[in-house]
Amino acid sequence: MKSVETRGIVLYTKNYREKDKLVKIFTESFGKRMFFVKNFAHSKYSSSLQNFTSSNFTGTINDIGLSFLDDVGETVMYKHISEDIFLNAHASYIISLADAAIPDNQYDPALYGFLIKCLDLLNQGFDKEIITNIFELQVLNRFGVGLNCKECAFCHSQQGPFDYSYKFNACLCKNHFDEDMRRLQLDPNVIYLVNLFQEISLDQLEKISVKKEMKQKIRLFIDGLYDEYVGIHLKPKKFLDSMKDWADVMKNERT
């Protein structure tokens, strides 16, 4: 048991007994921790412990069991994310993916900073699909998945076009397409962009513009990678996928 101060972001809250709540916070200094908040509705901290809020926290961190808050300072609220249902859906999925990517209590300031940066960009109005793709691809290594889209698995040529093979868990150049007759037959630009997204710094995001059709192809490929190698099925992802039909309906109603 130790009293500490750290920056953190609320991942989610859930009811605990009649009036109390458990608040899961991804802290910068101590990983993901579950905090007990008594009589939540009347707590002076309740407004700072909503989804999509980032704050300075002072409290007691316990390595076993629940942790406790003593004070909540300087709070940042992602207003646009909270107000826009589509941004909200993307942010919820990113947060749930960060939660799934590492065990509780594991120190991972790089993932924490990456999550905060992605939420900042979503809130600023950057391309939500691209930010989500970048997050998905760059956290794959937290699930033990190494994706090499730079070279052919056989000859190590870095000259495209490339396709992807689940049989070899790797890319194939055109000279080795015949090694797997069930390769994905991807648009070569999908491999190019996925490789770019794996390595790009979020500070370079303004330079990227991707057409809707290509975004759909990238979405299908990344979904396939997660199904094949990770095998998690997050509720926020299912909700996000269902919103495509909503967007189409809303678009038709406006025209």
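Residues numbered from 1 in each chain as written. Predicted model: local features only at pLDDT ≥ 70, side-chain atom pairs only at ≥ 80, totals over all residues. Heavy atoms only, no water.

1. A short note on helix H4 (residues 128-138)
Where burial is concerned, most of H4 is hidden: eight out of the 11 residues are buried. Within the span of H4, buried status applies to Ile130, Ile131, Thr132, Asn133, Ile134, Phe135, Glu136 and Leu137. Structurally, the start of H4 carries an N-cap: the backbone nitrogen of glutamate 129 is 3.1 Å from a side-chain oxygen of aspartate 127. (Buried < 20%, exposed > 50% of the residue type's maximum accessible area, 1.4 Å probe, protein only. Helix = DSSP H or I, 4+ residues; strand = E, 2+ residues; numbered from the N terminus. Polar contact = N/O pair within 3.5 Å; in protein donor to acceptor, adjacent residues only side chain to side chain.)

2. A few points about the pairing of strand S5 (residues 67-77)
Side chains on a regular strand alternate between the two faces of the sheet. Two elements, strand S3 (residues 31-37) and S5, share two bridges in a ladder whose sense is parallel. In the sheet register, phenylalanine 36 faces S5, and the bridge partner there is phenylalanine 68. Remark: five residues form the turn of the hairpin made by strand S4 (residues 53-61) and S5, two consecutive strands paired antiparallel; glycine 65 in that turn has positive phi of roughly 85 degrees. (Pairing = 2+ DSSP bridges.)

3. So, the packing of aromatic side chains
Applying the stated criterion to the full structure yields nine aromatic pairs. Consider the rings of tyrosine 16 and phenylalanine 36, whose centres lie 5.8 Å apart with planes at 80 degrees: the pair is edge-to-face. Pair noted here: tyrosine 16 is in strand S1 (residues 2-16) and phenylalanine 36 is in strand S3, with a separation of 20 residues, a long-range link. Consider the rings of tyrosine 164 and tyrosine 166, whose centres lie 5.7 Å apart with planes at 75 degrees: the pair is edge-to-face. Accessibility expressed as a relative area gives 1% for tyrosine 164, which makes it buried. An aromatic cluster is present here, built from Tyr164, Tyr166, Phe221 and Tyr229 joined pairwise through their rings. For the cation-ring pair, lysine 21 lies above phenylalanine 40, with the distance from its terminal atom to the ring centre recorded as 5.0 Å. Above the plane of the ring of phenylalanine 177 lies arginine 183, whose end atom (NZ or CZ) is 4.0 Å from the centre. (Phe/Tyr/Trp six-rings, centres within 6.5 Å; stacked < 30°, edge-to-face > 60°. Lys NZ or Arg CZ within 6 Å of the ring centre and 35° of its normal.)

4. Notes on the pattern of salt bridges
Pairing between side chains becomes possible if they bear opposite charge and their charged atoms approach one another. The tally for this structure, following the rule as stated, stands at 17 salt bridges. We note a salt bridge from aspartate 99 to lysine 32, for which the minimum N-O separation is 2.8 Å. Here the residue aspartate 99 occupies a position in helix H2 (residues 85-101), and lysine 32 occupies one in strand S3, the gap between them amounting to 67 residues. With respect to burial, aspartate 99 and lysine 32 carry one shared label: buried. Between aspartate 223 and arginine 219 there is a salt bridge whose closest N-O contact spans 3.0 Å. Here aspartate 223 pairs with arginine 219, and both are found in helix H6 (residues 212-230), just four residues apart, close to one helical turn. (Salt bridge = Lys/Arg side-chain N within 4 Å of Asp/Glu carboxyl O.)

5. Quick look at helix H5 (residues 188-199)
Taking 1.5 Å as the rise per residue, H5 with 12 residues should run 16 Å; its terminal C-alpha atoms sit 18 Å apart, in good agreement. Among the residues of H5, Val190, Ile191, Leu193, Val194, Asn195 and Phe197 are the ones counted as buried. Each element contacted by the buried residues of H5 is listed here: H4, strand S6 (162-165), strand S7 (170-173) and H6. (Expected span 1.5 Å × (residues − 1). Contact = heavy atoms within 4.5 Å.)

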